[in-house]
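These are the residues of each chain, in order.
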Amino acid sequence: MSLAARCRAAVVGLALLTFFPVVTFDFSGWDDRAVIGQNPRLLEPTPEALGWFWTHPEFHLYIPVTQTLWWLTAHLAGTEAVAGARSLAPAAFHGLNLLIHAAAAVGAFELLRRLKFGDAPSALGAGLFAVHPLQTEGVAWAAATKDLLAGALSIAALVCHVESLRDADRPRRRLYLAGTVLFAAALLSKPSAVVVPLLAAVIDLVLLRRPIRQAAIAVGPWLLIALPCVAWTAAIQPGLQDRYVGIFDRLLIAGDALAFYLGKLFWPVRLCFDYGRTPQAVLASSSVYLTAIVPVLLGGTCAWLWRRQRSICAGLLIFAGGVTPVLGLAPFDFQMYSTVGDHYLYLSMLGPAVAVAGILAARPAAQAIALVVIVLLAVLAQRQAWTWRTLESMNRHTISVNPMSWASHHNLAVALSEGNRLEEAHSTAMQALRLRPQDPYVRRTAVMVLLRQADEAAASGRTDDATRLYEQGLAIQPDNPLLLTNLAATLAELGRFEQAIALYERAIAAAPGDSAAARAGIELLRSIRRPAPTTGPN
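This one's a predicted model, so the numbers in the text were calculated from it and none came from an experiment. (Residues numbered from 1 in each chain as written. Predicted model: local features only at pLDDT ≥ 70, side-chain atom pairs only at ≥ 80, totals over all residues. Heavy atoms only, no water.)

## A few points about the side chain of D342
Point 1. Along the polypeptide, D342 turns up in the loop between α17 (310-322) and α18 (350-362).
Point 2. Here D342 sits buried without a salt bridge, and the closest side chain of opposite charge, K264, lies 7.2 Å off (N-O distance).
Point 3. Look past the residues within four positions of D342 in its chain and what remains in contact with it is L134, E137, L271, C272 and Y275. (Helix = DSSP H or I, 4+ residues; strand = E, 2+ residues; numbered from the N terminus. Buried < 20%, exposed > 50% of the residue type's maximum accessible area, 1.4 Å probe, protein only. Lys, Arg positive; Asp, Glu negative; His and termini not counted. Salt bridge = Lys/Arg side-chain N within 4 Å of Asp/Glu carboxyl O. Contact = heavy atoms within 4.5 Å.)

## Topic: the nonpolar core
Point 1. Residues F129, L158 and Y261 are the most contacted members of the largest nonpolar core, which totals 160 residues.
Point 2. Beyond its immediate stretch of four places on either side in the chain, L158 contacts L111, V196, L199, A200, I203, W222 and L350. (Core = buried A, V, L, I, M, F, W, Y, C linked by side-chain atoms within 4.5 Å.)

## A closer look at the packing of aromatic side chains
Point 1. For the structure on display, the rule yields 18 aromatic pairs.
Point 2. Seen from their ring centres, F334 and Y344 are 6.0 Å apart, and the 80° between their planes marks the pair as edge-to-face. Taken as a pair, F334 in the loop between α17 and α18 and Y344 in the loop between α17 and α18 lie far apart in primary sequence, 10 residues in all. The same class applies to F334 as to Y344, namely buried.
Point 3. Chaining the aromatic ring pairs together yields one cluster made of W30, W141, F273, F332, F334, Y337, Y344, W388 and W406.
Point 4. A cation over an aromatic ring shows up here: R41 above the ring of W52, its NZ or CZ 3.5 Å from the ring centre.
Point 5. A cation over an aromatic ring shows up here: K146 above the ring of W141, its NZ or CZ 5.0 Å from the ring centre. (Phe/Tyr/Trp six-rings, centres within 6.5 Å; stacked < 30°, edge-to-face > 60°. Lys NZ or Arg CZ within 6 Å of the ring centre and 35° of its normal.)

## Points about the packing of helix α6 (residues 91-114) against helix α9 (residues 145-164)
Point 1. Direction vectors running N to C along α6 and α9 enclose 25°, while the axes themselves pass 9 Å from each other. Of the possible angle classes, the one that applies to α6 and α9 is roughly parallel. Where α6 crosses over α9, the two elements pack in a sense that is left-handed. Residues L96, N97, I100, A104, G107, A108, E110, L111 and R114 of α6 lie in contact with α9, whose contacting residues are T145, L148, L149, A152, I155, L158, V159, V162 and E163.
Point 2. For the contact of α6 with α9, the residue count by class is 12 nonpolar, 3 polar and 3 charged. (Axes fitted to C-alpha atoms, helices over the stretch in contact; angles between N-to-C directions. Parallel < 35°, antiparallel > 145°, perpendicular 65-115°, else oblique. Left-handed = near helix turned anticlockwise from the far one by under 90°. Nonpolar A, V, L, I, M, F, W, Y, C, P; charged D, E, K, R; others polar.)

## Some words on the environment of L317
Point 1. Within the secondary structure, L317 sits in helix α17.
Point 2. Under the relative-accessibility criterion, L317 is labelled partly exposed at 30%.
Point 3. With 119 residues separating them in the primary sequence, L317 and L198 have C-alpha atoms 9.3 Å apart.
Point 4. In this structure, L317 is in contact with V202, V206 and C302, ignoring residues within four places of it in sequence.

Okay, structure coming up:
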């Protein structure tokens, strides 16, 4: 077996060995159930459902290639009952993510080899890409298939691009065409692949040292292909442009995000799903003007390295360029939680891989040290992966890092309620409500928990507790017909008939089409209050 083949096997083995536990995990991401597990078009993967994916956006994204892969995987996945509802089993989808990640890591190795870094340095660079803890979120989060697939296809497109230029005098058009098809597929996997032309330009200009004109000719068609993707993504997400902040503030937010990502690259600890770095939180921070200079420093560093260490220069540019669409320069959905997120860095991690391969190619003696560092990173990555094993564990870990994550408190309350741990669910739901009092989902979950607690108290004869809990729920949703009806029934048991009738009438007004129970309750109470008919003497 050649050295290159052994290196490929080592990269694949490292990726699989680090992240193999994920195939045993539940659907633990916030949207895994909605996007995959209980998505009706995947639960019943018919040809009509597949056609729908190609003709409609879903969840504010048009990603038909990713959804086609999910559709195919759904034929292999079994089903299970989750909280009384039918759901696809998660193992097949986690396995899919693991295989895509291993393929992307091998793709990184092939790209680095074609950039003439050598087999061993390329394998170590690809190993860093494969096991850096920042990659954990993309692999362990089932719904992040879109990030992995877009990343793997983008890397494959770059491999074809570089290979097509091997003979500078006779570009290999078939390989360039194959790269173009792969790039188009990446765009249809996730729109964030629009950065690929930028990454190709960095490779051409910095690493391959091609003239600007030739690089522009090669990259230009890919830019033209990317433009429609930018347009349809903006159309699918209406109103985002006015949701947040002005242009100057966006530059500050982008600087903060880039500084945050660089910090996590070199010190990958306390990673979590929701860092809480919303635009408002960042702009309220006293450090925002300090982090704003990071892009300037990064640009100056790249200029200084341009002729001294091109691989590091290219690595920094690829790292920053790969995350450009989600730095906050243009508003996007996830900013309601945080501008930064580990999964956004998936393709960007190709940059550190390039830098490491270049350094090790120039300094072979450092390869042993690099191997030790990569093994340590793999240990950290697997440890981070275990925090994703269940919805509860993932949200508890996020709260331990960011106690202000209202969404994690909310989702943890849902998980605890599904496990019938209502006391814990109550305190967690109330904390989510304190953090995000106007969010309709948070309010609905809080009411759901209070309703279940009140119903249990009423069933066990603890009418005072039941009354208190129903009233707490009504303070959140005053027109909830189920709360009104159940509280009315409880008050009726206590003999408070007038109050009970008033509540039944409110329930009828709140839901006139679903008021049979309330109407029956009123009739019953009125019949109880009506004096019994008397009979005279015969």
